[in-house]
Amino acid sequence: MAEPLVLAEKLEGGVGLLRLNRPQVLNALNTALMKELAEKVREMEADPEIGCLVLMGNGRAFAAGADIQEMAEKSPVDMELSEPFSSWDAIYRCKKPIIAAVHGYALGGGLELAMMCDIIVAAEDAKLGQPEIKLGVIPGAGGTQRLPRAVGKAAAMEMVLTGEPISAERAFQLGLVSKVVAPEVLLEEALKLARSIAEKPRVAVRMAKEAILAAFETPLSEGLRFERRAFYFLFASEDQKEGMKAFMERRPPRFKGR
Ligand code: CAA
């Protein structure tokens, strides 16, 4: 049987680990891999034991982009009818947080995939970029929209118009990644972060993610209204009662995820 294109593992502490598995082509994101990734993300999203996902690449890269070989000869009609990016929607629609643990190359669709996740942790050797301009196209899976929201207009323009990648350190300065770590501890650090999220009250985590994402979609007044409603709504959860009671009784909370 062929190797799965995405390896999925359920780890202790409520964490689901997904690994892109086409290392021979630097995890180039072809249609089959992205379909498999979408399915596995949906499975983990539905799994009540999992509270947070980690996504990383096998081999020497996170992902060097959409599969150029697969796309090169396509016509616009082929692209429209096959909708190569529609399966990618499952990643950013996932209600549970996803941490991208990025090492080596995160280029083109690879960086766009990482930006669909909620947090990016980078290894010191990571190179992040949108090189599509060098191929005669532009980013097509969110790069022109998510990158300027993450790093601002000037840096996004520079990256997209020159196609030159930036280092992990520069990505950290720009706020694109939340943490830079040594390559040998990348997975460990990402899992630590994931476990810390997975042990938090699940309904509040969902609401917090939704509220932060709303900041990118709505005017401030609507975002603030959404946040306030979500805050009030959480008083219906058992975990809010437990969390506040435990604080007052000076003991650790026992959250149920409800
Ligand atoms: N698609 C298909 N195959 C790819 C690939 C990609 N995006 N990136 C790398 N590969 C393949 C290479 O063809 C090579 O395969 P072979 O051994 O069969 O020749 C293998 O992966 C290893 O790559 P290299 O030999 O090129 O490795 P390198 O270390 O010399 O260079 C690299 C690494 C700089 C990342 C280089 O591979 C590269 O520039 N890759 C393409 C990056 C790119 O342009 N990405 C954007 C794609 S378009 C896109 O993503 C659109 C979108 O918005 C969704």
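The present account deals with the structure reproduced in this document. What you see is a predicted model, and the numbers here were worked out from it, not measured in a lab. (Residues numbered from 1 in each chain as written. Predicted model: local features only at pLDDT ≥ 70, side-chain atom pairs only at ≥ 80, totals over all residues. Heavy atoms only, no water.)

Turning our attention to the side chain of Glu 132. Checked against the element boundaries, Glu 132 lands in the loop between β7 (127-129) and α6 (143-151). Buried and unpaired, Glu 132 has no salt bridge, with Lys 134 as the nearest side chain of opposite charge at 9.8 Å. With sequence-adjacent residues up to four places away left out, Glu 132 is seen in contact with Gly 108, Gly 109, Glu 112, Val 137, Ile 138 and Pro 139. (Helix = DSSP H or I, 4+ residues; strand = E, 2+ residues; numbered from the N terminus. Buried < 20%, exposed > 50% of the residue type's maximum accessible area, 1.4 Å probe, protein only. Lys, Arg positive; Asp, Glu negative; His and termini not counted. Salt bridge = Lys/Arg side-chain N within 4 Å of Asp/Glu carboxyl O. Contact = heavy atoms within 4.5 Å.)

In this section: the site of the ligand. Neighbouring the ligand are 23 residues; Ala 66, Gly 109, Glu 112, Glu 132 and Gly 140 lie closest to it. Between the ligand and Arg 60, the relevant distance is 2.9 Å, taken from an oxygen atom to a side-chain nitrogen or oxygen of the residue. One of the backbone N or O atoms of Ala 64 is found 2.9 Å from a nitrogen atom in the ligand. Burial of the ligand by the protein amounts to 63% of the accessible area it has alone, namely 980 Å². Elements with a minimum of two residues in the shell around the ligand: α2 (68-71), β5 (105-107) and α5 (109-116). Across the shell around the ligand, the residue classes tally to 14 nonpolar, five polar and four charged. (Near = heavy atom within 4 Å. Polar contact = N/O pair within 3.5 Å; in protein donor to acceptor, adjacent residues only side chain to side chain. Areas by Shrake-Rupley, 256 points an atom, 1.4 Å probe, with all protein chains shown as cover. Nonpolar A, V, L, I, M, F, W, Y, C, P; charged D, E, K, R; others polar.)

Let us now look at empty space enclosed by the protein. Counted by the stated rule, this structure contains one cavity of 30 Å³ or more. Around the largest cavity, the lining residues are Leu 29, Asn 30, Thr 31, Met 34, Ala 66, Asp 67, Glu 70, Met 71, Pro 84, Phe 85 and Trp 88. Where the lining of the largest cavity is concerned, the elements lending two or more residues are α1 (31-46) and α2. A per-class count over the lining of the largest cavity returns seven nonpolar, two polar and two charged. (1 Å grid on protein atoms, 1.4 Å probe; cavity = no way out; pocket = protein on both sides within 12 Å on 5 of 7 lines; lining within 4 Å. Points joined across faces, edges and corners; volume = space filled by probe spheres on them.)

Before going further, it helps to spend a moment on the nonpolar core. One broad rule of soluble globular proteins: the nonpolar side chains tend to lie buried together. Counting residues in hydrophobic clusters, the biggest one holds 45 residues, and the most contacted among them are Leu 37, Phe 62, Leu 113, Leu 128 and Leu 176. Residues Val 15, Cys 52, Ala 190 and Val 205 belong to the second largest nonpolar core, which totals 17 residues. (Core = buried A, V, L, I, M, F, W, Y, C linked by side-chain atoms within 4.5 Å.)

Following the criterion strictly, the structure yields three aromatic pairs and no others. Connected via pairs of aromatic rings, a cluster forms that spans Phe 231, Tyr 232 and Phe 235. Across from the ring centre of Tyr 92, 4.7 Å away, lies the NZ or CZ of Arg 146, which sits over that ring. (Phe/Tyr/Trp six-rings, centres within 6.5 Å; stacked < 30°, edge-to-face > 60°. Lys NZ or Arg CZ within 6 Å of the ring centre and 35° of its normal.)

Turning our attention to the pairing of strand β1 (residues 6-11). Judged from the six bridges that link them, β1 and strand β2 (residues 15-20) form a sheet pairing that is antiparallel. Considered in β2, the bridge of Glu 9 is made with Leu 17. In this antiparallel pair of consecutive strands, β1 and β2, the connection spans three residues, and Gly 13 shows a positive phi of 85°. (Pairing = 2+ DSSP bridges.)

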